[in-house]
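Structure assessment
Residue strings, one per chain:
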Amino acid sequence: MQALKIIHYPHPTLRHKSKPVTRVDAQLKQTVNEMFQLMYKAKGIGLAANQVDLPLRLFVINLSGDPDEGEERVFINPVISKPKGQAEADEGCLSIPQVNGTVLRPSKIHISAYDLNGAEIDETVDGLLARAILHETDHLDGVLFIDRMSDTSKKTIDGLLYEFENEHKALVSSGEIPDPQTNAKRLAEIEARYCN
Ligand code: CO
């Protein structure tokens, strides 16, 4: 696999709907470790696999954002149920740096998933952990927090998004980001290895 890096909006992999992971090998464990390192370096508290250009249904979270504090959590094949309540809060995303916006989400959810050792996760969570899990699970479905912003608040970031779109076009022109068909082919190869 290529060296991991965080991709930015509007890279097509961020719109890819990930299939469940059926196989965890040593290389995938190493990838998850690298995801934590990238997340800390970028000063984030969560990172989904498609943010590092991988079509895998998993994400990592450490609410402290500090490798020496908090708890490192890995969620594989997350399923969210029993949403309760509503809460509004400001969100950002490592794939759209420097852009923030208010997002309305359920305040409490149930999460079922597996950790990296194959142990079942079955928890009811609220607060920041619930918000982080909802934000990261959205990523796995190709959804970004900007999609959930109100039209009026989204207007305030349109200019910033336009800059990301221009930067993306330049990276596609220079060949640094593959065209959508080539990218889809690469994702399918990774899926054949981990999602069958
Ligand atoms: Co994000």
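Structure shown above.
Since the model is a prediction, treat every value here as computed from it, not as a measurement. (Residues numbered from 1 in each chain as written. Predicted model: local features only at pLDDT ≥ 70, side-chain atom pairs only at ≥ 80, totals over all residues. Heavy atoms only, no water.)

With that settled, the discussion passes to the overall build of the protein. When its secondary structure is counted, the protein shows 5 helices and 7 strands. When the elements of the protein are put in sequence order from the N terminus, they spell out α-β-β-β-β-β-β-β-α-α-α-α. Against the globule reference of 16 Å for 196 residues, the protein gives a C-alpha radius of gyration of 16 Å, in line with a compact fold. A buried classification covers 45% of the 196 residues belonging to the protein. (Helix = DSSP H or I, 4+ residues; strand = E, 2+ residues; numbered from the N terminus. Rg over C-alpha atoms; globule rule 2.2 N^0.38 Å. Buried < 20%, exposed > 50% of the residue type's maximum accessible area, 1.4 Å probe, protein only.)

With that out of the way, let us pick up the packing of aromatic side chains. Overall, the coordinates contain 2 aromatic pairs when judged by the stated rule. With centroids separated by 5.1 Å and ring planes inclined at 25°, the aromatic side chains of phenylalanine 59 and phenylalanine 75 adopt a geometry described as stacked. With phenylalanine 59 in strand β2 (residues 58-61) and phenylalanine 75 in strand β3 (residues 73-84), the pair connects residues that are 16 residues apart, well separated along the chain. Its relative accessible area of 0% is what places phenylalanine 59 among the buried residues. (Phe/Tyr/Trp six-rings, centres within 6.5 Å; stacked < 30°, edge-to-face > 60°.)

Another point: the environment of alanine 170. By the element assignment, alanine 170 lies in helix α4 (residues 158-173). Judged by its relative accessible area of 44%, alanine 170 falls in the partly exposed class. Each C-alpha atom, one on alanine 170 and one on proline 83, is 41 Å from the other, the two residues being 87 residues apart in sequence.

Okay, the coordination of the cobalt ion next. Every protein donor of the cobalt ion is accounted for by Cys93 (SG), His135 (NE2) and His139 (NE2), and the metal-donor separations fall at 2.1 to 2.3 Å. Sequence spacing of the donor residues for the cobalt ion, all on one chain, is C-x41-H-x3-H. Here cysteine 93 is found in the loop between β4 (87-91) and β5 (101-105), whereas its partner histidine 139 is found in helix α2 (residues 127-140), with 46 residues between them in sequence. Exposure class is identical for cysteine 93 and histidine 139. Each is buried. (Donors = N, O, S within 2.8 Å, 3.2 Å for Na, K, Ca; no water.)

On to the pairing of β2. The side chains of a regular strand alternate between both faces of the sheet. Going residue by residue along β2, you find Leu58 and Val60 tucked away on one face and Phe59 and Ile61 tucked away on the opposite face as well. Pairing between strand β1 (residues 46-48) and β2: 3 bridges, direction antiparallel. Across the sheet, residue leucine 47 finds its bridge partner in β2, namely valine 60. Inspection of the sheet shows β2 paired to β3 by 4 bridges, in the antiparallel sense. Each bridged residue has a counterpart across the sheet, and for leucine 58 the counterpart in β3 is isoleucine 76. (Pairing = 2+ DSSP bridges.)

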